[in-house]
Amino acid sequence: MPDKSLANLVEYGRHRLSTLSDTDSAKLDAQILLCFVLNKASSYLLTWPDKKINEAQYQNFLNLLERRVQGEPIAYITGTKEFWSLSLFVSSATLIPRPDTETLVEQILSDHCESHLSCLDLGTGTGAIALALASEMPNWQIDAVDFNADAVLLAQKNAENNNLTQVNIYQSDWFRQILLEKTFDVIVSNPPYIDNIDEHLSQGDVRFEPKSALVAEQQGLADIIHIATEARKYFAEQGFLLLEHGYEQSAQVQKILSELGYSEIKTVKDLSGNDRITKARYLLKNR
Ligand code: GLN
């Protein structure tokens, strides 16, 4: 690698990463890592293709490339991930926020235009869903919980970094620490929903993510059942539940919600056209 120009390094990185993913994402990953090393925006690479980097930056770039070659997710290497309009810190304590989960945020915002509303995000991880909602609806009363204390600290840090400290973030194993006298208009969760024997768990980025955020008992449905069951105690007159789930789980999730007395049950597709979210309404008279 004699020429350490930016254009050459991107090409070298793309080539090095080409066994891992398709050409486009290999190139994008190489660009992200190079920008991370230089602490520059991606436009810098296009503006200064012939610029050379120094030896320390070069060694750093090679190290990061190597970590990526070993499969480590880009977001864990750079420690950040974009979600909605926010830049979020990520760590191995949490799932990396997915674009698919933005569908959940979109759905809540299109269903609820009330300026005041109370919302609970269960298993918030980085805080992605709760913070995205707070960024759009500054007057909503939003609670966000996670059972993992490191995730709680991370979500709080993300709230501060994005000036969204109105979100109330605390430790709770699902509803355990949530006072029963509290009620919410909307309860949302992207819970673990992957079956323990799912082959995807041994492929790609998920290999590096915490199993506790990915895997659930009962073919991946145990936490969904728990949340849908308990949520009914935390609605006032009525409430809305929105759950992310696996692309093959919509029929089962709909059945679970129906059996628990929810109505207006509807599944929404994600950006790739897969069933990803099921939402439902719960009316107090059903209790
Ligand atoms: N959608 C993620 C995946 O399939 C899983 C997210 C989750 O379990 N909540 O990789």
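Residues numbered from 1 in each chain as written. Predicted model: local features only at pLDDT ≥ 70, side-chain atom pairs only at ≥ 80, totals over all residues. Heavy atoms only, no water.

**What about the packing of aromatic side chains?**
Think of a pair of aromatic rings as described by two things: how far the centres are apart, and how the planes are tilted against each other in angle.
Here comes step 1: Scanning the model with the defined rule gives three aromatic pairs in all.
Here comes step 2: Look at Phe175 and Tyr234: their rings are 4.7 Å apart centre to centre, the planes differ by 15°, and that puts the pair in the stacked class. Note that Phe175 is positioned in the loop between β5 (168-171) and β6 (184-189) and Tyr234 in the loop between α10 (222-231) and β7 (235-244), a separation of 59 residues in sequence. Tyr234 matches Phe175 in its accessibility class, with the two residues each being buried.
Here comes step 3: An aromatic cluster of at least three residues, connected via ring pairs, comprises Phe235, Tyr262 and Tyr282.
Here comes step 4: Seen from the ring of Trp48, Lys51 lies directly overhead, with NZ or CZ sitting 5.7 Å from the centre.
Here comes step 5: It is Lys157 that lies over the ring of Phe89; its NZ or CZ is 4.2 Å from the centre. (Phe/Tyr/Trp six-rings, centres within 6.5 Å; stacked < 30°, edge-to-face > 60°. Helix = DSSP H or I, 4+ residues; strand = E, 2+ residues; numbered from the N terminus. Buried < 20%, exposed > 50% of the residue type's maximum accessible area, 1.4 Å probe, protein only. Lys NZ or Arg CZ within 6 Å of the ring centre and 35° of its normal.)

**Some details on the side chain of Thr94**
Here comes step 1: Its location among the elements puts Thr94 in the loop between β2 (86-89) and α6 (99-111).
Here comes step 2: What makes Thr94 buried here is its relative accessible area of 2%.
Here comes step 3: Those residues in contact with Thr94, other than ones at most four positions away along the chain, are Tyr76, Gly125, Thr126, Ala151, Leu154 and Pro210. (Contact = heavy atoms within 4.5 Å.)

**Observations regarding the site of the ligand**
Here comes step 1: Close contacts around the ligand come from Leu95, Arg98, Asn190, Pro191, Pro192, Tyr193, Ile194, Val206, Ala213, Leu214 and Glu244, and that covers them all.
Here comes step 2: At 2.8 Å, a side-chain N or O of Arg98 approaches an oxygen atom of the ligand.
Here comes step 3: Contact distances for the ligand include 2.7 Å between a nitrogen atom and a side-chain N or O atom of Tyr193.
Here comes step 4: Surface burial for the ligand is 84%, taken as the share of its 300 Å² of free accessible area covered by protein chains. (Near = heavy atom within 4 Å. Polar contact = N/O pair within 3.5 Å; in protein donor to acceptor, adjacent residues only side chain to side chain. Areas by Shrake-Rupley, 256 points an atom, 1.4 Å probe, with all protein chains shown as cover.)

**Some words on the pairing of β2**
Here comes step 1: Covered by surrounding structure in β2 are Leu86 and Leu88 only, the residues Ser87 and Phe89 on the alternate face being uncovered.
Here comes step 2: Judged from the four bridges that link them, strand β1 (residues 80-83) and β2 form a sheet pairing that is antiparallel. The residue bridging Lys81 from the neighbouring strand is Leu88, located in β2.
Here comes step 3: Connecting β1 to the antiparallel partner β2 that follows it, the hairpin turn spans two residues, and Trp84 within it adopts a positive phi of roughly 55°. (Pairing = 2+ DSSP bridges.)

**Here we look at the pattern of salt bridges**
Here comes step 1: Inspection of the entire model under this criterion finds 17 salt bridges.
Here comes step 2: For Arg281, the salt bridge is made with Glu264, and the minimal N-O distance between the two is 2.6 Å. Placement of Arg281 in strand β9 (residues 275-283) and of Glu264 in strand β8 (residues 263-269) is noted, with a sequence separation of 17 residues between them.
Here comes step 3: Given a relative accessible area of 22%, Arg281 falls into the partly exposed group.
Here comes step 4: Under the relative-accessibility criterion, Glu264 is labelled exposed at 51%.
Here comes step 5: One continuous salt-bridge network, built from bridges that share partners, spans Asp29, Arg68 and Asp205. (Salt bridge = Lys/Arg side-chain N within 4 Å of Asp/Glu carboxyl O.)

**Let's talk about the packing of α6 against helix α7 (residues 128-136)**
Here comes step 1: Between α6 and α7, the least distance of the axes is 10 Å, while the angle of their chain directions is 40°. It follows that α6 is oblique to α7 by the angle criterion. Crossing handedness for the pair α6 and α7: right-handed. Contacts between α6 and α7 pair Thr101, Leu104, Val105, Ile108 and Leu109 from the former with Ile129, Ala132, Leu133 and Glu136 from the latter. (Axes fitted to C-alpha atoms, helices over the stretch in contact; angles between N-to-C directions. Parallel < 35°, antiparallel > 145°, perpendicular 65-115°, else oblique. Left-handed = near helix turned anticlockwise from the far one by under 90°.)

**Looking at the packing of helix α2 (residues 23-38) against helix α4 (residues 55-69)**
Here comes step 1: Viewed as axis vectors pointing N to C, α2 and α4 meet at an angle of 140°, and their least axial separation amounts to 9 Å. When the axes of α2 and α4 are compared, the pair comes out oblique. As α2 packs across α4, the resulting crossing turns out to be right-handed. When α2 is examined against α4, the residues Asp29, Ala30, Leu33, Leu34, Phe36, Val37 and Leu38 are found in contact with a partner set consisting of Gln57, Asn60, Phe61, Leu64, Leu65 and Arg68.
Here comes step 2: Split by residue class, the contact of α2 with α4 holds nine nonpolar, two polar and two charged. (Nonpolar A, V, L, I, M, F, W, Y, C, P; charged D, E, K, R; others polar.)

**A look at the sheet that holds β7**
Here comes step 1: Ordered by their spatial adjacency, seven strands build an open sheet running β5-β4-β3-β6-β7-β9-β8, and the pairing between neighbours is mixed. The sheet terminates laterally at β5 and β8, the two strands that pair on one side only. Taking the axes of each pair of neighbouring strands and ignoring which way they run, one obtains an average angle of 15° across the sheet.
Here comes step 2: Taken together, the four bridges between strand β4 (residues 141-146) and β5 define a ladder with parallel strand orientation. Its bridge partner lying in β5, Asp143 is registered against Asn168.
Here comes step 3: Packing against the sheet, α7 makes contact with β3 (118-122), β4 and β6, and its axis sits at approximately 165° to β4.

In short, the description is geometric, and any link to function would need to be established separately.
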